[in-house]
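Structural characterization, general
Spelled out, the chains give:
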Amino acid sequence: MPRPVARVLALLELLQSGGIRTVTELADRLDVDERTVRRYVGHLVDLDVPVESVRGRYGGYRLAPGYRMPPLMLSDDEALAVLLGLVAGRRAGLATDTASETAAAKIRRVLPERLSRRLDAVLGSLAFTDPPGEAVAPESTVLLAIADAVNHHRPVSIRYTAADGRRSERTLHPHGVVAHSGRWYVTAADLTAGEDRTFRLDRITGVRTLPGSFEPPAGLDPAKRVLTGLATAPYRHEVTLRIQGTAEQIRTRLPADIAIVEELPSPSSADPQTVRWSRVGLRVERLDWLPAVLASLDRPFIVERPDELRGLVEALAERLTNSARRSPPHE
């Protein structure tokens with residue numbers, strides 16, 4: 001490619017990154033003088049690329065807002081970042097399979113064959129650990145409408161289907177959108193029920209923005225509210241434990257979305273170096289997985305309730321003891 005053409009395309013790429021670029025900055029990046037930068041800008045304008053000139057002390061050049069720029073220009077690193085983002089987004093429930101696949105196909109169609117082969121090699125060799133479970137992406141119209149209402153503090157009316165199949169129409173003051181473990185949630189003040197609640201976006205079938213605005217609560221943490229709501233949701237078993245360690249140490253095995261951890265105060269006369277204990281509360285459908293997780297903590301613990309969990313812990317300890325006492329078979 002002739003050097004001037006390559007520099008014109010490099011100028012286009014710099015302008016695509018957004019914002020106003022001064023003539024001095026562009027000249028430095030392209031390694032040309034300022035007069036040549038103005039000539040390159042003229043070439044782009046001749047190609048119907050809408051480059052705007054901004055006057056003033058902080059003036060320079062920028063692309064007109066909203067312009068769809070052909071061709072797609074990505075460096076190797078940028079192309080890899082986009083395709084990996086699509087793969088990770090699909091796996092995490094941040095986008096539908098169809099949208100991710102069609103977007104990836106469009107990007108690959110405009111990539112040089114050399115780069116396309118290298119990216120295919122990366123994606124073909126990529127494997128994930130600890131899958132988040134079933135990923136469910138919401139409808140894009142729902143997500144965009146809710147996010148816009150959050151950003152502008154607008155009330156909305158939604159049609160919602162609960163886990164048990166019951167349908168309702170609700171009026172919300174949405175506070176924040178949270179993506180967690182393959183699902184999307186919105187935290188909101190539910191004016192219909194008169195309480196703060198969390199709703200799954202994939203269960204919302206319609207959103208209508210209402211007139212007016214609201215003032216969100218100060219110090220609100222939507223992500224923390226979602227995690228707390230998941231950890232305190234009604235389940236079959238309520239478990240209470242005392243575990244030796246700080247909340248940070250315990251959360252390595254019992255994250256915030258399944259456990260509420262409260263560090264217990266030390267006695268007033270205790271040595272500052274005394275080991276701390278924490279009280280842990282969980283609500284779970286099954287208890288059979290808990291003994292192994294508690295053993296993996298490698299910390300002393302006390303089961304306060306339920307009694308059934310004590311029996312399961314004793315049974316695991318007995319199985320481990322029996323396994324440790326077994327001798328290898330003679331060959």
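Note: the structure precedes this text.
Residues numbered from 1 in each chain as written. Predicted model: local features only at pLDDT ≥ 70, side-chain atom pairs only at ≥ 80, totals over all residues. Heavy atoms only, no water.

With that settled, the discussion passes to the overall build of the chain. If you tally the helices and strands in the chain, you get 11 helices and 11 strands. A buried classification covers 31% of the 331 residues belonging to the chain. Counting contacts in the chain only where the partners sit at least 6 residues apart, residues at least 24 apart contribute 61% of the total. A total of about 20,900 Å² of accessible surface is found on the chain, and carbon and sulfur atoms cover 51% of it. (Helix = DSSP H or I, 4+ residues; strand = E, 2+ residues; numbered from the N terminus. Buried < 20%, exposed > 50% of the residue type's maximum accessible area, 1.4 Å probe, protein only. Contact = heavy atoms within 4.5 Å. Areas by Shrake-Rupley, 256 points an atom, 1.4 Å probe, with all protein chains shown as cover.)

The next point concerns the sheet that holds strand β7 (residues 204-209). Spatially, the 5 strands line up as an open sheet ordered β6-β5-β4-β3-β7, and their pairing is antiparallel. The open sheet has two edge strands with one neighbour each: β6 (195-200) and β7. Neighbouring strand axes in the sheet, compared pairwise and without regard to direction, differ in orientation by 45 degrees on average. Pairing between strand β3 (residues 156-161) and strand β4 (residues 167-180): 6 bridges, direction antiparallel. (Pairing = 2+ DSSP bridges. Axes fitted to C-alpha atoms, helices over the stretch in contact; angles between N-to-C directions.)

Turning our eyes to something else, we now look at the packing of aromatic side chains. Aromatic ring pairs: the centre-centre distance and the angle between the two ring planes describe each pair. For the structure on display, the rule yields 1 aromatic pair. An angle of 85 degrees between the planes, with centres 5.0 Å apart, marks the rings of Tyr160 and Phe199 as edge-to-face. With a gap of 39 residues between them, Tyr160 in strand β3 and Phe199 in strand β6 connect regions that are remote in the sequence. On the accessibility criterion, Tyr160 (8% relative accessible area) is buried. (Phe/Tyr/Trp six-rings, centres within 6.5 Å; stacked < 30°, edge-to-face > 60°.)

Let us look at unusual backbone geometry. Put simply, Arg305 and Pro306 share a cis peptide bond, and its omega is 0 degrees. Tracing the backbone through its elements, the reader meets Pro306 in the loop between β11 (301-305) and α11 (307-325). With phi around 55 degrees, His153 is a residue other than glycine that occupies positive phi space. With respect to the element layout, His153 can be found in the loop between α7 (140-152) and β3.

What follows deals with helix α8 (residues 222-231). Where α8 is concerned, the buried positions are Pro222, Val226 and Ala231. Looking at the buried residues of α8, the elements they touch are β4, β5 (183-190), β6, β9 (259-263) and β10 (277-284).

Moving on, we come to helix α3 (residues 34-46). An ideal rise of 1.5 Å per residue puts 18 Å on 13 residues; α3 measures up with 19 Å between its terminal C-alpha atoms. Buried within α3 are the following residues: Thr36, Val37, Tyr40, Val41 and Leu44. Projection of α3 onto a plane perpendicular to its axis shows the buried side chains occupying an angular sector of 145 degrees, all on one side. In α3, the exposed positions angled more than 90 degrees off the buried face are occupied by Arg35 and Asp46. The N-cap residue of α3 is Asp33: its side-chain oxygen and the backbone nitrogen of Arg35 are 3.3 Å apart. Immediately beyond the C-terminal end of α3, within one or two residues, lies Asp48, with a positive phi of roughly 65 degrees. (Expected span 1.5 Å × (residues − 1). Arc of directions from axis to C-beta. Polar contact = N/O pair within 3.5 Å; in protein donor to acceptor, adjacent residues only side chain to side chain.)

What follows concerns the sheet that holds β9. The strand order β9-β10-β8-β11 describes an open sheet built from 4 strands, whose pairing is antiparallel. If you trace the sheet from one side to the other, it starts and ends with β9 and β11, each paired once. Each neighbouring strand pair of the sheet contributes to a mean axis angle of 20 degrees, computed without reference to strand direction. Bridge count between strand β8 (residues 237-244) and β10: 8 bridges; the pairing is antiparallel. The residue bridging Glu238 from the neighbouring strand is Arg283, located in β10.

Another aspect to go through is the side chain of Arg170. Relative to the helices and strands, Arg170 resides in strand β4. The exposure class assigned to Arg170 is buried, which follows from its relative accessible area of 16%. Separated by 3.1 Å, the side chains of Arg170 and Ser168 make a polar contact. Side chain to side chain, Arg170 and Asp190 meet in a polar contact 2.7 Å long.

Another point: a negative patch on the surface. On the surface, a cluster of negative charge is made up of Asp28, Asp31, Asp33 and Glu34. Note on placement: Glu34 falls in helix α3. Its relative accessible area of 32% is what places Glu34 among the partly exposed residues. (Patch = residues over 30% accessible without salt bridge, like charges linked within 9 Å, V, L, I, M, F, W, Y side chains within 5 Å. Salt bridge = Lys/Arg side-chain N within 4 Å of Asp/Glu carboxyl O. Lys, Arg positive; Asp, Glu negative; His and termini not counted. Charge placed at Lys NZ, Arg CZ, Asp CG, Glu CD.)

On to the pattern of salt bridges. Taken as a whole, this structure holds 14 salt bridges when the rule is applied. Taking the shortest distance from any N to any O, the salt bridge between Arg62 and Glu52 comes out at 2.9 Å. Of this pair, Arg62 sits in strand β2 (residues 60-63) while Glu52 sits in strand β1 (residues 51-54), placing them 10 residues apart in sequence. Of the residues examined, Arg62 reaches a relative accessible area of 32% and is grouped as partly exposed. For Glu52, a relative accessible area of 28% corresponds to the partly exposed category. Ionic pairing is found between Arg279 and Glu304, a salt bridge with its closest N-O pair at 3.0 Å.

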